[in-house]
Amino acid sequence: MSETAQLKIGDKTYELPVIEGTEGEKAIDISKLRDQSGFVTLDIGYKNTGATKSAITFLDGEVGILKYRGYPIEQLAEQSTFIEVAYLLIYGNLPTEEQLKAFEYEISHHTLVHEDMKKFFDGFPSGSHPMGQLSSLIGALAAFNPASLKQGLTAEEVNLEIIKLIAKMSTLVSWIYKKSLGHPVIYPRNKFDYVTNFMHMTFGQRTEDIEIDPVVVSAMNKLLILHADHEQNCSTSTVRIVGSSDANLYASISAGISALWGPLHGGANQAVVEMLQKIKEDGGDVDKWVAKAKDKNDSFRLMGFGHRVYKNFDPRAKIIKKACDDILEKLGVQDETLDIAKKLEEVALSDPYFVERKLYPNVDFYSGIIYTALGFPTEMFTVLFALGRLPGWIAQWKEMKTNKEPIGRPRQIYVGEVNREYTDIKSR
Ligand code: CMC
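The rules behind these values
Residues numbered from 1 in each chain as written. Predicted model: local features only at pLDDT ≥ 70, side-chain atom pairs only at ≥ 80, totals over all residues. Heavy atoms only, no water. UniProt positions renumbered as here; feature names shortened; annotations may be inferred. Core = buried A, V, L, I, M, F, W, Y, C linked by side-chain atoms within 4.5 Å. Buried < 20%, exposed > 50% of the residue type's maximum accessible area, 1.4 Å probe, protein only. Domains from an automatic or database assignment. Phe/Tyr/Trp six-rings, centres within 6.5 Å; stacked < 30°, edge-to-face > 60°. Lys NZ or Arg CZ within 6 Å of the ring centre and 35° of its normal. Salt bridge = Lys/Arg side-chain N within 4 Å of Asp/Glu carboxyl O. Helix = DSSP H or I, 4+ residues; strand = E, 2+ residues; numbered from the N terminus. Contact = heavy atoms within 4.5 Å. Pairing = 2+ DSSP bridges. Axes fitted to C-alpha atoms, helices over the stretch in contact; angles between N-to-C directions.

Per an unreviewed UniProt entry, the protein chain is named Citrate synthase, and its organism is Mucilaginibacter achroorhodeus. We quote the UniProt Pathway (unreviewed entry) comment for the protein chain here in full: "Carbohydrate metabolism; tricarboxylic acid cycle; isocitrate from oxaloacetate: step 1/2."

So, in structure tokens, the structure goes:
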């Protein structure tokens, strides 16, 4: 007989199935609890709620393990390319040479976006945040792809939308950057691989092909891989829940981009660099800022520190910290904020406040320093996170569809007024 949990409410006992994942994670299945007992469970912020069964990403936050489809993140970040990892996440296995070639070919031949999409850039006020632009542009792709709105798309039709989205997102992200400078956009070139093409559209010129340093391409691949998926986080849950209403892929991803924007989530990479710059301008007194982060009457938090799931080192942060040293050295970049970041980490990691709460640097703590070294302005950082997270969002959306998950619709415990009588406006 399989394991069950017993829940006793008053004099009644309910048997609840216990389910176990392939990595030994255990859950109590309460999906029938309300029908059986009239009770729902309450878990604000979903701190203890499994929203789905997923075969894409596994992470053990107590130990600091992250795997995509069973492959350790360390191996993928060291040996793979972003496009290969995208294939792995979306289709479940590492591609053969032939599959990878076909995937890259398909993507490179869909990178052009409809010329009319350029008109959006005339409407965005100058200086508008790249994340607001990106979520609007990705949502608008549905309008340019009406076939994607049809219900009951075949697997091939869905796949075509997936390819188009991966391809066009890189073009749109680079165009957002070019437009922020008031420069003409650069069109994609099929001869380049995905990351080189992205860097070419972002930093290239119209008149000639510039040399993209392989060190830069490799750093960018690594950063995108490290951001590619992170199981049921805020933006991914948003993508799945929007998609569960049968909303199209573009609408679902656009919603995920909005969720990622917040500084508690993907927006932290921008917030970290802004914080480091502030500390630098303030004289670099790290102890003062650590004290501020600990002070409950001060709203300041150490950005890039802490994580809902990791109660040990975020394995992505370890890889990025090392990459940060390597890349800055290779590019010959000196960055004072890197020294401040390292000092901040050292002070925080030996401070009982951070130790007791198991607060470690997360993926965003060092990523912004690399983005700066590669030439990106601070406001582009979260957009780069979105570019990296795209295959994960797509894989999760596809899994949710394939498993025919029901519409996402949590319950609540109502705590408002009861039975009030309407009164005329003059008597209130
Ligand atoms: N600085 C100072 N104190 C902190 C921090 C921080 N960065 N993070 C958490 N704490 C404290 C918090 O005040 C609380 O203390 P107490 O128990 O005394 O009330 C305790 O640690 C637990 O924090 P929490 O807010 O209940 O934890 P959470 O799981 O709800 O929040 C978090 C996780 C990531 C939102 C939070 O750690 C945070 O705000 N960090 C800074 C923002 C950041 O770096 N976000 C990027 C996350 S990684 C990228 C991604 O995947 O999104």
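There's more to say after this.
### Details of the nonpolar core
The biggest cluster of nonpolar side chains holds 113 residues, and the ones touching the most others in it are Tyr68, Ile166, Met220, Ile253 and Phe376. Counting residues domain by domain, this core receives three or more from each of domain 2 (72–262 + 384–402) and domain 3 (268–374).

### Some details on the packing of aromatic side chains
For the coordinates displayed, the defined rule picks out 18 aromatic pairs. Ring geometry for Tyr353 versus Phe354: centroids 5.0 Å apart, planes at 70 degrees, classification edge-to-face. Residue classification places Phe354 among the buried positions, given a relative accessible area of 3%. Following the ring pairs from residue to residue traces out a cluster consisting of Tyr177, Phe198, Phe203, Tyr371, Phe376 and Phe381. Directly above the aromatic system of Trp289 lies the positively charged group of Lys292, at a separation of 5.2 Å from the ring centroid. Here the basic side chain of Arg357 rests over the ring of Tyr353, its NZ or CZ set 3.8 Å away from the ring centre.

### Quick notes on the pattern of salt bridges
On inspection of all chains with the given rule, the structure shows 18 salt bridges. In this structure, Glu345 and Lys321 form a salt bridge, with 3.5 Å as the shortest nitrogen-oxygen distance. Placement of Glu345 in helix H15 (residues 336–349) and of Lys321 in helix H14 (residues 315–331) is noted, with a sequence separation of 24 residues between them. Looking at Glu345, the relative accessible area reads 6%, which means it is buried. For Lys321, a relative accessible area of 29% translates into the label partly exposed. With a closest N to O distance of 3.8 Å, Arg420 and Glu417 form a salt bridge. Sharing partners across several salt bridges, the network here consists of Arg240, Glu399 and Glu405.

### A closer look at helix H10 (residues 234–243)
Along H10, the residues classified as buried are Ser235, Thr236, Thr238, Val239, Arg240 and Gly243. Next to the buried residues of H10 lie helix H11 (249–260) and helix H18 (381–402).

### Description of the sheet that holds strand S1 (residues 4–9)
Reading across the sheet, the three strands line up as S1-S2-S3 and stay open at both edges, with antiparallel pairing between neighbours. Of all the strands in the sheet, the pair left with one neighbour each is S1 and strand S3 (26–28). In this sheet, adjacent strand axes meet at a mean angle of 30 degrees when their direction is disregarded. Examined bridge by bridge, S1 and strand S2 (residues 12–20) share six bridges and lie antiparallel to one another.

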